[in-house]
Amino acid sequence: DAGVIQSPRHEVTEMGQEVTLRCKPISGHDYLFWYRQTMMRGLELLIYFNNNVPIDDSGMPEDRFSAKMPNASFSTLKIQPSEPRDSAVYFCASRPQGAGETQYFGPGTRLLVL
Amino acid sequence: RKEVEQDPGPFNVPEGATVAFNCTYSNSASQSFFWYRQDCRKEPKLLMSVYSSGNEDGRFTAQLNRASQYISLLIRDSKLSDSATYLCVVNRGGKLIFGQGTELSVKP
């Protein structure tokens, strides 16, 4: 079975550029989560969706970050403009409705902003 | 203060050792509890849920004390393959809150 798919796996960009991260959740999963992981702050929830609707975006650091889920099989996290402090690993996770809280993580996107 | 706190480690132990990880959480509204495992440069994966009655999965035993807001993980007869970072996780209102993780290195 295909797990959560993320692309790109690695991204190197220059400060000020726009970055778009992509996620395809596991088919049939109703919840989708975006996380950011850094050495300093650990794993932080940025935003999550239920049935394509954003439920809680309180973890989104600032207006430079935006996330969309146009359909059940695709989500994007966009950073515009990017800054060096955005360098981190960004994970997408999904889970089905009523499955307890087990979330299935994608392999992550390693972002480096120079 | 972080909502979920763990021993940062690293824990360096020989094969066959027993090792215990501790975790405390600050929000009494936390509803459910887990241990996740994260290998180097990989994504987190669920290791086990944690129940008040305590639960065991092979060499792994998890305990929860709601009164003290304390969670533990015991690994017996540790293997080289147990080397990873162990993340203490609480569910609060449908959101998973992760601890910083405790790094374990099992040596031959």
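Each remark here, short or long, concerns the structure printed above.
One structure accompanies this document, and this report is about it. Within any chain, residue numbers begin from 1 and follow the written order of that chain's sequence. Labels follow written order: the first chain is A, the first ligand is 1, and so on. Given that this is a predicted model, residues contribute local features only at a pLDDT of at least 70 and side-chain atom pairs are listed and counted only at 80 or more, while totals for whole chains, interfaces and linings are drawn from all residues. Think of the side-chain values as coming from all heavy atoms in the structure, minus any hydrogens and water.

Let's talk about the interface of chain A and chain B
In step 1: Contact residues are listed per partner, giving 21 residues for chain A and 17 residues for chain B.
In step 2: Between chain A and chain B the total buried area reaches about 1500 Å² when both faces are included, carbon and sulfur atoms providing 49% of it.
In step 3: Only one rule defines a salt bridge in this text: a Lys or Arg side-chain nitrogen within 4 Å of an Asp or Glu carboxyl oxygen. Here chain A and chain B share 1 salt bridge between them.
In step 4: With a shortest N-O distance of 2.9 Å, A:Asp56 and B:Lys95 are connected by a salt bridge.
In step 5: For this analysis, a polar contact is any N or O atom pair within 3.5 Å, provided that within protein one partner can donate a hydrogen and the other can accept it, and provided that sequence-adjacent residues contribute only side-chain to side-chain pairs. Viewed at the interface, chain B and chain A are joined by 5 residue pairs in polar contact (both at pLDDT 80 or more).
In step 6: Helix and strand labels come from DSSP, where a helix needs a run of H or I of at least four residues and a strand needs a run of E of at least two; each type is numbered from the N terminus. Looking at the side of chain A that touches chain B, the elements with two or more residues in it are β4 (31-38) and β5 (42-50) of chain A. What makes two residues a contact is simply this: any of their non-hydrogen atoms within 4.5 Å. A 1.4 Å probe defines the accessible area here, and the buried area is the portion of it lost by two parts on being joined, summed over both.

Topic: the sheet that holds strand β3 (residues 19-24) of chain A
Residue and element names in this part refer to chain A.
In step 1: What makes two strands pair is DSSP finding at least two bridges between them. Strand order in the open sheet formed by 4 strands is β1-β3-β8-β7, with antiparallel pairing between adjacent strands. Each edge of the open sheet is held by one strand with a lone partner, namely β1 (5-7) and β7 (65-71). Taking the axes of each pair of neighbouring strands and ignoring which way they run, one obtains an average angle of 15 degrees across the sheet. Axes, fitted as lines to C-alpha atoms, cover a helix only where it is in contact. Angles between the N-to-C directions of the axes lie from 0 to 180 degrees.

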